[in-house]
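Observations on chain architecture
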Amino acid sequence: MTITRADESQQTPYGLGALGGVTHDVTNQPPHPAPYDASDDVALLEGVRREGAGWAEEDLRRLGRLAGSEEAQEWAEQANRHEPELRTHDRYGHRVDEVDFHPSWHHLMRTAVAEGLAGAPWADDRPGAHVARTAGGLVWGHTDAGHGCPTSMTYAAVPALRKQPELAKIYEPLLTSRAYDPGLRVPAEKRGLLAGMGMTEKQGGSDVRTNTTAATPTAEPGVYTLRGHKWFTSAPMCDVFLVLAQAPGGLSCFLVPRVLPDGTRNTFRIQRLKEKLGNRSNASSEPEFDGTVAWLVGPEGQGVKTIIEMVNCTRLDCVMMSAALMRKTLVEAGHHARHRSAFGARLADQPLMRNVLADLALESEAATTLTLRLAGAADRAVRGDSGEAAFRRIATAVGKYWVTKRGPAFTAEALECLGGNGYVEDSGMPRHYREAPLLSIWEGSGNVNALDVLRALGRDPATAQALFDELSLTRGADARLDAAVAGLEDQLAEGSQVTARRLVERMALTLQASLLVRHAPAAVADAFCATRLGGDWGHAFGTLPAGAGLDAILERSLPGRE
Ligand SMILES: Cc1cc2nc3c(=O)[nH]c(=O)nc-3n(C[C@H](O)[C@H](O)[C@H](O)COP(=O)(O)OP(=O)(O)OC[C@H]3O[C@@H](n4cnc5c(N)ncnc54)[C@H](O)[C@@H]3O)c2cc1C
């Protein structure tokens, strides 16, 4: 064939183009995953019923469909593309310290608050209310993780604030409201409030005893002024913050409103917003306090004891958000594999890809099941069940350590299932991947949580008892599980810092295995015990042994939706 000069314009950079043909046929690319139902997850639905929130199922399904809708997925995408912007001053030079958000952020926030994912369960007497909220977070987490930060802190602030009943009387009804009412105004005049927390300072985050922010009592009892800085304070547009500062009696917890009851702005100078790896939709700031008016929460000198009530709740939310990220990225991976072919067969039918997906599915189910068990314990603990309170104390730290630790490896593997597409922002996978490590950093980094487990064991023997009571429910059901429980008892005796991660990892895996043996189908429980306890496993995902029941695992987790 002779190429004329005119024909040359149709060449691709690599040589002859499809002369006269279409160069941009899109073939073998999956359709958009949305709309889908984020609550379409058997492990989630079974767990919700088991933990006492079956009554919330209809709402959960509705929220799941909304989370998977094109509209909500677009909100998440937009809220992360258009990052919040700090406005320190107004046009005349007055300090305003406001943060502007894209409208999509407000859509996400409004939905989360209205659906009861912020403080609402504290105003709901129905047993299971906290489980329903956690389940809601698991499905709404298919959108954006960033706005999970202020909703989580608002939820978590309530039990800490209850340490100061006269403050709780004013603020609790607003923190538990389902109205999202953004904008800095007098808190008591708003329809709903959001809460943040300020613990971390430049010189120390884990070791908050090094906090230098000073609290000086005023003539009015319970009212102080603060002077100092915070190195990380997320969601600075919240209405109120629980802040740690050094009072004359030691490190204490304070309530800091952004707007004072007389309508003037409290001093809350936002120096800058952090430029972060992920969590881009959310603003994380460095505020400075100078003459900032603050109300004491709990006794002076009991700051850590007071704010730990908040941290207990946000830690559970870290587990929840990691489990949500796992499920979301698994659904994306499954969708891609079903619609993409290579070497003459769909990826979803390729034996090795099935191993990867099944292994991820096991991990996701274990994370979801543990999350809901922890939520059930929290729900029963706040209603006065002391056994569940002891279980919650230890198991939340165990879960926070392990599930958030698995998140980055999980999301990386799920991203890889999409091949090159997974590495491209359009797919959303990079955003989920970047989010994952944060969940193991804040609210106590890995080591801090592992050491917290040792602290719980050392200070309160009821916690170990609660854990072993739980594990005893499956005694005799699986030899590998029995051996793991026995090994744990030996390891507990060691109790040294240097091996704390080993111990907590074993605790987490044994607890997850025990939950799956009790509640999941045999194929799921057996594969989990064989690999995570029995050692019949490689180091990467996708290394389940031959005969691991891949079909049954995949049919349960990602049923055919062609
Ligand atoms: C995006 C983002 C948002 C945040 N938002 C908030 C917020 O709203 N409010 C707030 O108060 N904080 C916030 N934080 C701060 C966060 O809680 C802290 O970064 C975290 O608690 C760790 O503290 P640090 O950064 O001071 O690290 P360090 O305390 O210096 O810890 C560094 C490392 O040392 C390890 N370590 C610490 N102690 C020990 C020990 N005894 N033995 C062994 N290892 C140890 C830790 O596990 C960690 O790996 C945020 C952080 C991020 C990244």
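Residues numbered from 1 in each chain as written. Predicted model: local features only at pLDDT ≥ 70, side-chain atom pairs only at ≥ 80, totals over all residues. Heavy atoms only, no water.

Turning our eyes to something else, we now look at the overall build of the chain. A count of helical and extended segments in the chain gives 19 helices and 12 strands. A compact globule built from 562 residues should have a C-alpha radius of gyration of about 24 Å, and the chain, at 25 Å, falls within 12% of that. Within the chain, the proportion of its 562 residues that are buried is 57%. Expressed as a percentage of contacts within the chain between residues at least 6 apart in sequence, the contacts between residues at least 24 apart total 72%. Only carbon and sulfur atoms are counted for the fraction: they give 52% of the accessible area of the chain, which is about 23200 Å². For the chain, the distance from the average position of its 60 positive side-chain charges to the average position of its 70 negative side-chain charges is 3 Å. (Helix = DSSP H or I, 4+ residues; strand = E, 2+ residues; numbered from the N terminus. Rg over C-alpha atoms; globule rule 2.2 N^0.38 Å. Buried < 20%, exposed > 50% of the residue type's maximum accessible area, 1.4 Å probe, protein only. Contact = heavy atoms within 4.5 Å. Areas by Shrake-Rupley, 256 points an atom, 1.4 Å probe, with all protein chains shown as cover. Lys, Arg positive; Asp, Glu negative; His and termini not counted. Charge placed at Lys NZ, Arg CZ, Asp CG, Glu CD.)

Around the ligand, 20 residues are found, and the nearest of them are M199, T200, G205, S206 and S234. Contacts to the ligand include M197, whose backbone N or O atom sits 2.9 Å from a nitrogen atom. In this structure, an oxygen atom belonging to the ligand sits 2.8 Å away from a main-chain N or O atom of M199. If the ligand stood free it would expose 980 Å²; the protein chains cover 66% of that surface. Mapped onto the shell around the ligand, the elements with two or more residues apiece are β3 (195–198), β6 (233–234), α13 (438–441) and α14 (446–459). Ranked by the residues each element gives to the shell around the ligand, the list is headed by α14, at 3 residues. Tallied by class, residues from the shell around the ligand come to 8 nonpolar, 10 polar and 2 charged. Taken together, domain 1 (42–301) and domain 2 (307–557) each give at least three residues to the shell around the ligand, which thus spans both. (Near = heavy atom within 4 Å. Polar contact = N/O pair within 3.5 Å; in protein donor to acceptor, adjacent residues only side chain to side chain. Nonpolar A, V, L, I, M, F, W, Y, C, P; charged D, E, K, R; others polar. Domains from an automatic or database assignment.)

With that settled, consider the UniProt feature "domain: Acyl-CoA oxidase/dehydrogenase middle" (unreviewed entry) in the chain. According to UniProt, the feature "domain: Acyl-CoA oxidase/dehydrogenase middle" (unreviewed entry) maps to residues 197–290 in the numbering used here. Here residues 197–290 runs as 0% helix and 46% strand, with 17 Å between its end C-alpha atoms. (UniProt positions renumbered as here; feature names shortened; annotations may be inferred.)

A separate point is unusual backbone geometry. Residue P35 follows A34 across a cis peptide bond; omega there is 0°. Relative to the helices and strands, P35 is located in the loop between α1 (5–8) and α2 (42–50). Unusually for a residue other than glycine, N279 sits at a positive phi of about 55°. Within the secondary structure layout, N279 lies in the loop between β9 (269–273) and β10 (284–297). Judged by its relative accessible area of 2%, N279 is buried. Even without a glycine there, the phi angle at E443 is positive, about 60°.

With that settled, the discussion passes to the packing of helix α4 (residues 70–81) against helix α5 (residues 103–114). Running from N to C, α4 and α5 cross one another at 125°; their axes reach a closest spacing of 8 Å. On the basis of the axis angle, α4 is oblique to α5. Note on packing geometry: the crossing formed by α4 with α5 is left-handed. Residues A72, W75, A76, Q78 and A79 of α4 touch α5, and the partners they reach there are S104, W105, H107, L108 and T111. Among the residues making up the contact of α4 with α5, the classes are represented as 6 nonpolar, 4 polar and no charged. (Axes fitted to C-alpha atoms, helices over the stretch in contact; angles between N-to-C directions. Parallel < 35°, antiparallel > 145°, perpendicular 65-115°, else oblique. Left-handed = near helix turned anticlockwise from the far one by under 90°.)

Structurally, Q512 is set in helix α17 (residues 500–519). In contact with Q512, other than residues within four places in its own chain, are A366, A367, L370, W402, V403 and F528.

Before going further, it helps to examine the domain arrangement of the chain. One can read the domain layout of the chain as domain 1 (42–301) and domain 2 (307–557). Approximately 3800 Å² of surface area, both sides summed, lies buried where domain 1 meets domain 2, with 64% of it carried by carbon and sulfur atoms. Ranking the residues of domain 1 by area buried against domain 2 places E51, L138 and H142 at the top, with a combined share of 15%. Where domain 1 touches domain 2, the interface holds 5 salt bridges. The shortest N-O distance in the salt bridge between E51 and R380 comes to 2.7 Å. Inspection of the domain 1/domain 2 interface yields 13 residue pairs in polar contact (both at pLDDT 80 or more). For the side of domain 1 that touches domain 2, the secondary-structure elements that each account for two or more residues are α2, α4, α6 (129–140), α7 (148–161), β3 and β7 (240–247). If you tally residues by element for the side of domain 1 that touches domain 2, the top one is α7, at 9 residues. (Buried area = accessible area lost by both parts, 1.4 Å probe. Salt bridge = Lys/Arg side-chain N within 4 Å of Asp/Glu carboxyl O.)

Moving on, we get to the nonpolar core. Grouped together as the largest cluster of nonpolar side chains are 166 residues, with contacts concentrated most on W140, L226, L242, F254, L255, M310 and M507. In terms of residues, this core owes the most to one element, helix α9 (residues 303–339), which gives 17 residues. Taken together, domain 1 (42–301) and domain 2 (307–557) each give at least three residues to this core, which thus spans both. When near neighbours in sequence (up to four residues on either side) are disregarded, L242 contacts A157, A160, L161, G196, M197, G198, C253, F254, L255, V297, I307 and M310. (Core = buried A, V, L, I, M, F, W, Y, C linked by side-chain atoms within 4.5 Å.)

In this section: the environment of Q73. Relative to the assigned elements, Q73 resides in helix α4. As a C-alpha pair, Q73 and P33 span 40 residues in sequence and 10.0 Å in three-dimensional space. Among the polar contacts made by the side chain of Q73, one reaches the main-chain carbonyl oxygen of A67 at a distance of 2.7 Å.

Here we take up the environment of E388. Along the polypeptide, E388 turns up in helix α11 (residues 386–417). Overall, E388 belongs to the buried group, its relative accessible area being 11%. Expressed as a C-alpha distance, the spacing of E388 and A214, which sit 174 residues apart in the sequence, is 37 Å. Filtering out sequence-adjacent residues up to four positions away, E388 remains in contact with R373, G376, A377, R380 and A381.

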